[in-house]
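Structural overview
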Amino acid sequence: MKHLKTSVIAGAMMAAGTIAQAADEVTLQLKWVTQAQFAGYYVAQEKGFYEEENLDVTIKPGGPDIAPTQVIAGGGADVTVEWMPAALAAREKGLPLVNIAQPFKSSGMMLTCLEETGVTGPEDFPGRTLGVWFFGNEFPFLSWMSQLGIPTEGGEDGVTVLKQGFNVDPLLQGQADCISTMTYNEYWQVIDAGITPEQLVTFKYEDQGVATLEDGLYVREDRLEDPEFADKMVRFVRASMKGWKYAEENPDEAAMIVLENDATGAQTEKHQKRMMGEVAKLTAGSNGALDPADFERTVESLLSGGSDPVISAHPGNGAWTHAITDAALN
């Protein structure tokens, strides 16, 4: 009995040691499908940066039927990649999302028009049909139109909003004068369809002064009150930013890592390498910490929605925190 008892205790101690050394699990919900837009996370996984931080990270791709805010609200993820307009709108509706890091410094959103339509500037928008993404992606557009004083219910003085799928068909098929595109994705789908850059007129939200923050990392506010969870997020952000900086410096390798993780087989090497090159321009200059001035610009843009603003009140500084990035970067 004595020996048995000793062996049971020893076994329990060994098990405890194993548990202590087991990597902490983190589930990341992406905003969209596996592509170079999220290269930093796949690189961090592939290069062992998460492992170095004692993390076991599961990366869940998004898609047209997946709303990241709903996934994290339901406990299906610890942290999610989301655009700030959608995150702040969700926060105002009662989902306490907090931005813990902002890998994307600049916006990649554009309105892309065919030159033959005669659209040369925003003053030409009235009377036109514009393709707009929804599911939370419409907020920057509606804010922009509001600032321009252009109604979005159609008519001669307003624009007709075409609910655009996540493709470029409305432009190619003549259903819209302009469509929503990202600098790193849909714009190139238009080019690949045989239309030259000279046949296009683009309006970058960044250049129009209405850019809102994209692809930040968000968690539920209540979970940050748990020191163990906060510590996991510090390590996760540190490893993720290491992944992003590696991807910026090694874009082709990063694109190939993304391809290896694309279970659908839908992505091509050419498109991912090109995408990574464009995404690197958007993450350049970010060390992961949110710039409060960028936050205020985003809020100001969202509040300026006239009679129908995206958010009805300033969310306050509780909508973001430097606590995680401060600890991760020091």
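Note that this is a predicted model, so its numbers are computed, not measured.

1. A word on the pattern of salt bridges
Counted by the stated rule, this structure contains 19 salt bridges. A salt bridge links Arg-235 to Asp-24; the nearest nitrogen and oxygen atoms lie 2.7 Å apart. You can see Arg-235 sitting in helix H9 (residues 227–249) and its partner Asp-24 sitting in strand S1 (residues 24–29), a full 211 residues away along the chain. The exposure class assigned to Arg-235 is buried, which follows from its relative accessible area of 10%.

2. Some details on the state of the cysteines
Using the criterion set out here, one finds 1 disulfide in the structure. Residue pairing for Cys-113: its cysteine sulfur links by disulfide to Cys-178, the two sulfurs lying 2.2 Å apart. On the sign convention where negative is left-handed, the bridge of Cys-113 and Cys-178, at about 105 degrees about the S-S bond, is right-handed. Here Cys-178 lies in strand S8 (residues 178–182) and Cys-113 lies in strand S5 (residues 109–114), a separation of 65 residues in the sequence. The pair Cys-113 / Cys-178 is uniform in exposure class, with both members buried.

3. Here's the deal with helix H10 (residues 251–260)
Where H10 is concerned, the buried positions are Ala-254, Ala-255, Ile-257, Val-258 and Leu-259. In this fold, the buried residues of H10 make contact with helix H2 (39–46), H9 and helix H11 (269–283).

4. What to know about helix H12 (residues 292–303)
Note on helix geometry: an α-helix contains 3.6 residues per turn, so any two residues three or four positions apart are oriented the same way. Helix length check: H12, at 12 residues, gives a terminal C-alpha distance of 16 Å against a target of 16 Å (1.5 Å per residue), a fit within 8%. Where H12 is buried, its residues touch helix H5 (84–92) and helix H6 (139–148). Here H12 starts with a cap whose side-chain oxygen sits 2.9 Å from the backbone nitrogen of Ala-293, and that cap is Asp-291.

5. Things to note about the environment of Glu-115
Note on placement: Glu-115 falls in the loop between S5 and strand S6 (129–132). Along the primary structure Glu-115 and Arg-223 are separated by 108 residues, whereas in three dimensions their C-alpha atoms are 49 Å apart. When residues no more than four places from it in sequence are discounted, the contact partners of Glu-115 are Glu-198, Gln-199, Leu-200 and Val-201.

6. Considering the pairing of S5
With respect to burial, S5 is a largely interior element, 6 of its 6 residues being buried. Side-chain alternation along S5 places Met-109, Leu-111 and Cys-113 on one buried face and Met-110, Thr-112 and Leu-114 on a second face that is also buried. Two elements, S5 and strand S9 (residues 200–204), share 5 bridges in a ladder whose sense is antiparallel. Bridge pairing links Met-110 to Lys-204 in S9.

7. What about the confidence of the model for the protein?
Confidence in the prediction for the protein averages 91 pLDDT; 93% of positions are at 70 or higher. This stretch, residues 1–20, has a pLDDT under 50; its non-local contacts, to residues over four places away or in other chains, come to 0 contacts.

8. Section: the layout of surface pockets
Approximately 610 Å³ is the volume found for the largest pocket. In terms of lining residues, the largest pocket is bounded by 31 residues, among which Lys-31, Pro-68, Phe-135, Gly-136 and Asn-137 are the most central. Those elements that place two or more of their residues in the lining of the largest pocket are helix H4 (68–73) and H5. With 5 residues, H4 is the single largest residue contributor to the lining of the largest pocket. Along the lines of polarity and charge, the residues of the lining of the largest pocket split into 18 nonpolar, 8 polar and 5 charged.

9. Concerning the packing of H9 against H11
Orientation of H9 relative to H11, taken along the N-to-C sense of each, is 125 degrees, at an axis distance of 9 Å. Taken together, H9 and H11 sit at an angle that is classed as oblique. As for the relative orientation of H9 and H11, their crossing is left-handed in sense. Contacts between H9 and H11 involve Trp-244, Lys-245, Ala-247 and Glu-248 on the former and, on the latter, Met-276, Val-279, Ala-280 and Thr-283. When grouped by side-chain class, the residues that make up the contact of H9 with H11 number 5 nonpolar, 1 polar and 2 charged.

Calculation notes
Residues numbered from 1 in each chain as written. Predicted model: local features only at pLDDT ≥ 70, side-chain atom pairs only at ≥ 80, totals over all residues. Heavy atoms only, no water. Salt bridge = Lys/Arg side-chain N within 4 Å of Asp/Glu carboxyl O. Helix = DSSP H or I, 4+ residues; strand = E, 2+ residues; numbered from the N terminus. Buried < 20%, exposed > 50% of the residue type's maximum accessible area, 1.4 Å probe, protein only. Disulfide = S-S within 2.5 Å. Contact = heavy atoms within 4.5 Å. Expected span 1.5 Å × (residues − 1). Polar contact = N/O pair within 3.5 Å; in protein donor to acceptor, adjacent residues only side chain to side chain. Pairing = 2+ DSSP bridges. pLDDT = per-residue confidence, 0-100. 1 Å grid on protein atoms, 1.4 Å probe; cavity = no way out; pocket = protein on both sides within 12 Å on 5 of 7 lines; lining within 4 Å. Points joined across faces, edges and corners; volume = space filled by probe spheres on them. Nonpolar A, V, L, I, M, F, W, Y, C, P; charged D, E, K, R; others polar. Axes fitted to C-alpha atoms, helices over the stretch in contact; angles between N-to-C directions. Parallel < 35°, antiparallel > 145°, perpendicular 65-115°, else oblique. Left-handed = near helix turned anticlockwise from the far one by under 90°.

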